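Inside the fold
Take a look at the letters that make up each chain.
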Amino acid sequence: MNTVTTEEERKIFHFLKSQGCCLRCCFRFIGYRTSECYCKPYEFAAQLSYADIKDIKDDASVEETTCIACLGVLQDKAQKNVVTKIAEKVKEKDYDCMTFTCALTVPVSVKLREHILYAYMYQEMDIHKSILSTLKTKLQNVKDIWKSFIIPQLEQATGKRADLSTPSPFLIEVLLMYADDEMIFKELINEHKRGDNKRKKRKCNDNKFSRKDVDTLLIEMTDEQLIQHFTISQIIPKTFVHVNDVLCSHSSIFIGGRYNKLSRKLSQTPWFINGEKKVETSVQDLLCNPIAEMVKAESIKFLSSGREDVDVRNIYGGRPFAIELLNPRMTNITKELLTCLTSSINQSTKQVQITSNLKVLSRFDLKKLKEGENVKTKFYRALCICRDVSSGLPQLGHLNELENVKIIQRTPLRVLHRRPLSPRTRIIYKMRARWAKPYELKKLLSTATESTDAFFVLDVKTQAGTYVKEFVHGDFGRTKPSLCDFLKTEVDIVALDVTGINLKWP
Amino acid sequence: MNYKSLAAHNAACNEIFRQFQDCETEHPYRRLLGYCEHIQQAMIKCIKEQPKTKRLKSENDYGKKLCKEEDNMQENAVKDIADAKEISLQEQEEHAELVDNNEASAIVDSDKEASAIVDSDDESFTFPPDEDVSDMLDEVQYSGRFPTVTDRYFTPYYKMDVQSLGNDTCIWIHSNRICMLSLAPSHVILQDNKVIQKIDFKVSDKLDRSLNKVSGKSKHGAQPLQTNSNICTILCVDGQTYVIKCYIVGKLVEVNEALSENPQLLKELPHKGGYLAIILPNIKFLEDFKQSVSILTHDKYIEHIKEKERKQQ
């Protein structure tokens, strides 16, 4: 029979108390699972038949000293200030999320201490081993018990609701430290250094003992060895745990939309050479900075479905993009706020415009963004030049009739320094070409007094990943066939615009 | 090392691990003398091989996934490959794995081609309105003449009279440092409009420049080039030969394969295909090259040519 009788409970209770355990730890070791015994341990102890009144009166003094097992993590005296400290920190950081979840880090030695206490219980009490080992496997984690009585207090102090199951995107991490945590390991560390081979030596170099090391150690060591190493008097703590740090963080929020790039002198991302900005601004800066400022995010990441060259514009539908806001303080992002952001960004610059509504997205949506880059068809408009047409104009008409032309592009020289060399098959689905009208070329012809060149406008629908500039001029014969081959004359590109990316976004 | 997290390892490793644990508990003292060492070694080996097995497995899965997308014709063939893969997975033979990888990559290539044709909601996606395109020319530089691709991206450097008079070579350096080799306009072949019989990239019995293979973005496996390395020999119909050297320390990326079919192409301008080879220079030596006394910049080259013409007159 593995159930614990009241008599055994009494024995364990008194044994643990005599060794210096706090009330909550006593209940923990006995295996109580009800939350009330941890919320109000005094009241609960008073109800118990075996904990007589005299004991309870002594409790006052017992709780003055640090618990040998939890080092004060579960003691009201040590935890009094913790709640206020956390609440202060949360208030200072000013997150507007209405829920929170909480994580606790306890001193490394707590687990070891639990095991030592069990080892002594085995040795010194006449309770059947099977009962004790059942209790040992049932032992509740210090962290869970801490949370069960601290979180209600935290909810009150911060005015936020705890949400551990979803969990809430707002995380409070509490680090509890014990000053002499490593004291009791010293001998063990030395032992390992002496007795063990290189494997452990490397680990112990810094004289630190990680949680993992403790786990390994506890599996390797028998109870007898534990008792040999540690006597109760050796591990009696002198001080309480203290709050080392409280960290607050909020998980990322994603905002997506589409943008137009209306300048041929604007790169997509900041361009640094030796740490200096090569160009003043970028699409990323223009879009992200106002948003990051508004939501008080720690930092931002700019994501987009592909990218344009510096000298390529993006017009009409616009390119899908998303912004990841890391650790944002302001998390309640309303439609009004996004509308307001859109108009303020659009008014702040002429180089970039947001063409869609901004929208809050989930992590799942972002996968679509990359699909847009690698799979979806694109439209481009190129202004092309036919050189030296003195011997007659090429026939543009038959370009319009071509459909689904396969071309083979070797990695363009333009990007060859940072991409592997390989030939790729790409498909030009459709083309639409027409000669440029004289009034459209005013800007060119005012300077070019006499020219033998002819200009035409080409709209192309291509497979994702086609290098359109190279398709036009042939990249030294490395893209085959190119527009030069179709028109049987020398063609080059003057200007390029992205006119459509076939992706439903946001 | 922590072997305790069994969930992370596969069944085989865990079995060995259990043996190891049993050995240690059964022989608490002998274990200190290395009694259980051999089991531990086996365990470490097993754990080390795990990532490899996993990778193999995932490649295998990937291969299978691709199979489904292939059309019926190929399906059977690919299935065979997948089967072969499973066998190789069991056997874990090095060479089998190699074949495996090659096959997987071959499938990936064809997949790229196949899957990309299909873009589901494509039909509704039509050309934008055919409007006035005047604004396309905003911010476009144009000064009466629009430079060629070569002139837009490359800066030329020249090396004169290599080994024989008039064997002038041009080394074009891209703004991204990629180099392209071509004949200089003053080369005898261009000046005399000689007919080229053959351009031979086999520079020695063992070394054929046209068999150059590169992989990865840092161009692994490329033929290394020194300043005096030969790139090719140009043989003209009149019996004259010209040896082209590279003058640059770096890696050969590719030679212009179109020249083997049509050697006369070399007489065209580079942007029309008249070049010999593409080279990725070693960045350490690139500055030295530009400063070198025997290398002419474009201005110096023009001067040099004028000087030469004056002398001839």
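All of these numbers come straight from a predicted model, not from anything done at the bench. (Residues numbered from 1 in each chain as written. Chains lettered and ligands numbered in written order. Predicted model: local features only at pLDDT ≥ 70, side-chain atom pairs only at ≥ 80, totals over all residues. Heavy atoms only, no water.)

Along chain B, the regular secondary structure elements total nine helices and 10 strands. Entry remark: accessible area of chain B is about 18100 Å², with carbon and sulfur atoms responsible for 53%. (Helix = DSSP H or I, 4+ residues; strand = E, 2+ residues; numbered from the N terminus. Areas by Shrake-Rupley, 256 points an atom, 1.4 Å probe, with all protein chains shown as cover.)

This paragraph deals with the nonpolar core. Residue and element names in this part refer to chain A. In this structure, Phe 27, Val 73, Leu 74 and Trp 146 are the most contacted members of the largest nonpolar core, which totals 77 residues. Top element by residues in this core is helix H7 (residues 109-124). It accounts for nine residues. Grouped together as the second largest cluster of nonpolar side chains are 36 residues, Leu 366, Phe 471, Phe 486 and Ile 501 included. (Core = buried A, V, L, I, M, F, W, Y, C linked by side-chain atoms within 4.5 Å. Buried < 20%, exposed > 50% of the residue type's maximum accessible area, 1.4 Å probe, protein only.)

Next up on the list: the sheet that holds strand E10 (residues 295-297) of chain B. Residues and elements named next belong to chain B. What the seven strands build is an open sheet, ordered E5-E8-E9-E3-E2-E1-E10; its pairing is antiparallel. Strands at the two margins of the open sheet, each flanked by one partner only, are strand E5 (224-225) and E10. Bridging between strand E3 (residues 179-183) and strand E9 (residues 277-281) involves three bridges; their strand directions are antiparallel. Note on E9: the bridge partner recorded for Met 180 is Ile 278. Packing against the sheet, helix H9 (residues 298-312) makes contact with strand E1 (154-159) and E10, and its axis sits at approximately 100 degrees to E10. (Pairing = 2+ DSSP bridges. Contact = heavy atoms within 4.5 Å. Axes fitted to C-alpha atoms, helices over the stretch in contact; angles between N-to-C directions.)

On to the sheet that holds strand E4 (residues 196-200) of chain B, then. Residues and elements named next belong to chain B. The strand order E4-E6-E7 describes an open sheet built from three strands, whose pairing is antiparallel. Strand pairing shows two members of the sheet lacking a second neighbour, E4 and strand E7 (241-245), which therefore form its edges. Looking at each pair of strands side by side, their axes are set apart by 20 degrees on average, direction ignored.

Below, the discussion takes up the pairing of strand E17 (residues 491-501) of chain A. Residues and elements named next belong to chain A. Most of E17 is tucked away: 11 of the 11 residues are buried. Where strand E9 (residues 312-328) meets E17, three bridges bridge the pair, whose relative direction is parallel. Looking across to E17, one finds that Arg 313 is bridged to Asp 497. With nine bridges connecting them, strand E12 (residues 378-386) and E17 associate as antiparallel partners. Its bridge partner being in E17, Cys 386 is matched across the sheet by Val 491.

Next up on the list: the packing of helix H6 (residues 76-93) of chain A against helix H9 (residues 142-158) of chain A. Residues and elements named next belong to chain A. Running from N to C, H6 and H9 cross one another at 40 degrees; their axes reach a closest spacing of 10 Å. Taken as axis vectors, H6 and H9 run oblique relative to one another. In the packing of H6 onto H9, the handedness of the crossing is right-handed. Contact residues: Asp 76, Gln 79, Val 82, Val 83, Ile 86, Ala 87 and Val 90 in H6; Trp 146, Phe 149, Ile 150, Gln 153, Leu 154, Ala 157 and Thr 158 in H9. A class-by-class count of the residues in the contact of H6 with H9 yields 10 nonpolar, three polar and one charged. (Parallel < 35°, antiparallel > 145°, perpendicular 65-115°, else oblique. Left-handed = near helix turned anticlockwise from the far one by under 90°. Nonpolar A, V, L, I, M, F, W, Y, C, P; charged D, E, K, R; others polar.)

The next subject is the confidence of the model for chain B. Residues and elements named next belong to chain B. Confidence in the prediction for chain B averages 77 pLDDT; 73% of positions are at 70 or higher. Across residues 1-7, where pLDDT falls below 50, the model places 16 contacts with residues more than four positions away in sequence or in other chains. Between residues 65-117, whose pLDDT stays under 50, and residues either more than four places distant or in other chains, the model counts 45 contacts. Reported confidences for the modelled complex are a pTM of 0.73 and an ipTM of 0.74. (pLDDT = per-residue confidence, 0-100.)

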